[in-house]
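These are the residues of each chain, in order.
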Amino acid sequence: MTRLVIARSAAAHPMGAQRYESEVETRAAALLPGWRVDVSVSRSLRSDLPGTRRLPFGWLSSASVEERRLVGRLLHSRQSVLHRMDLAIPPAPQGDVVTIHDTVAWRYPDESAPVRAAADEARRAAAVVCVSEFSADEVRSLLGVAEPRVVYNGVDDAYFDAPPLGTDVRRALGLEGPYVLHAGGASQRKNLGELAAAWELASPSLSGITLALAGPEHPTRTRLFAPLQRTVLLGRQPDRLMPSIVASAEAVVVPSTYEGFGLPALEAMAAGTPVIVSNCSALPEVVGDCGFVVEPRREALASALLAVTVDPDAGLAARLDRARARARRFTWEATARAHADIWREVAG
């Protein structure tokens, strides 16, 4: 029997990459009749997160190509195809597929350091999956992978018909009035310093509007935004609530200088919420002409915030309609089907 193993790492704070993993793995078995599909969840030796296997990730990150290849032979000897969702997991001796969302580990010092052998392993893999044309270009130019495969992320159907936040929930969150939303991490590439400066420029003209920031607690976010007027740090919110938080916002702003995809922008488009994004990395590729695409600098971001919330143009409704129609093209079903095609090709 042909066997697929989807291998991922346990995550304490699931983000966009983990949503991708979950959506693909839950659909895999139905798309591969006659196959055996297993999911392997690796965790570090001392982790208290749930999982199916423990691995010495610290050692593996700095291990040589040969050492990791040996560990891979010991771990992955019985599957036809192994899909590694995390570069830290050692490769299979055959049928090795790997997803590379971006190359931030090589480009940003405040991100996790790259796995020493990752570039060599990617070049040797049977297939490399990237989530945008931008990320594929990065993988080609920086890692030397000849033919990465582009498979876009999808968006949860819940965003298309999300109900507005109820009064009690708004009050509990501190969002009783209109608000602009940023949702995501707080690393250097998220460009929160420029967003904070943009808010200082724009907020005097945004009477009664709050800037809400959702994401895992981070000292950089707190340092930048806690002192500013009319800002709310929401922390990490449950997945079931995020569609309503996005749908109830006046706008969603994604000021990042680097995104391999940019799922918060797509979620805003699906919810019918205006979206402001940077004009770099994968964000214009995802948003197209359906959002406000600007330089990732404070002046441009401030101008966009004013244009969306204070003086929206007459074409905003049509833009939002285009955005929702574009978002419907990004489905997790299509994502999973494209993966199944790659798995069958590698196994064949």
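What counts and what doesn't
Residues numbered from 1 in each chain as written. Predicted model: local features only at pLDDT ≥ 70, side-chain atom pairs only at ≥ 80, totals over all residues. Heavy atoms only, no water. Domains from an automatic or database assignment. Contact = heavy atoms within 4.5 Å. Buried area = accessible area lost by both parts, 1.4 Å probe. Pairing = 2+ DSSP bridges. Helix = DSSP H or I, 4+ residues; strand = E, 2+ residues; numbered from the N terminus. Axes fitted to C-alpha atoms, helices over the stretch in contact; angles between N-to-C directions. Expected span 1.5 Å × (residues − 1). Phe/Tyr/Trp six-rings, centres within 6.5 Å; stacked < 30°, edge-to-face > 60°. Buried < 20%, exposed > 50% of the residue type's maximum accessible area, 1.4 Å probe, protein only.

You'll find the protein chain entered in an unreviewed UniProt entry as Glycosyltransferase involved in cell wall biosynthesis, with Luteimicrobium subarcticum given as the organism.

Bringing the domain arrangement of the protein chain into the picture now. Domain assignment breaks the protein chain into domain 1 (3-154 + 331-347) and domain 2 (157-328). The C-alpha-based centres of domain 1 and domain 2 are spaced at 30 Å. If you look at the interface, domain 1 gives 24 residues, while domain 2 gives 19 residues. When the two sides are added together, the surface that domain 1 and domain 2 hide from each other amounts to roughly 1700 Å², 56% of it contributed by carbon and sulfur.

A few words now on the sheet that holds strand β13 (residues 292-294). One open sheet accounts for 6 strands, arranged β10-β9-β8-β11-β12-β13; its pairing is parallel. Across the chains shown, the open sheet's two edge strands, defined by having one partner strand only, are β10 (231-235) and β13. Averaged over neighbouring strand pairs, the angle between their axes works out to 20° when direction is ignored. When strand β11 (residues 251-254) meets strand β12 (residues 275-278), the two strands line up parallel, connected through 3 bridges. Counted as the bridge partner of Val-252 is Val-275 from β12. The sheet contacts of helix α8 (residues 192-202) involve β8 (179-183), β9 (210-214), β10 and β11, and relative to β9 the element is tilted by about 165°.

Attention now goes to helix α15 (residues 332-347). Helix length check: α15 (16 residues) gives 22 Å between terminal C-alpha atoms against 22 Å at 1.5 Å per residue, within 8%. Elements that come into contact with the buried residues of α15 comprise β1 (3-9), α1 (16-31), β4 (81-84), β5 (96-99), β6 (127-130) and β7 (149-150).

Now for the packing of aromatic side chains. Taken as a whole and judged by the stated rule, the model has 5 aromatic pairs. Taken together, a centroid distance of 6.4 Å and an interplanar angle of 55° make the contact between Tyr-152 and Phe-261 tilted. Remark: Phe-261 occurs in the loop between β11 and α11 (263-271) and Tyr-152 occurs in the loop between β7 and α7 (167-173); sequence separation between them is 109 residues. Residue Tyr-152 is classed as partly exposed on the basis of its relative accessible area, which comes to 30%. Here Tyr-152 and Phe-330 contribute two aromatic rings whose centre-to-centre distance is 5.5 Å and whose plane-to-plane angle is 75°, an arrangement assigned as edge-to-face. Taken together, the residues Tyr-152 in the loop between β7 and α7 and Phe-330 in the loop between α14 (316-327) and α15 connect sequence positions 178 residues apart. Put simply, the rings of Tyr-108, Phe-134 and Tyr-258 pair up and form one aromatic cluster.

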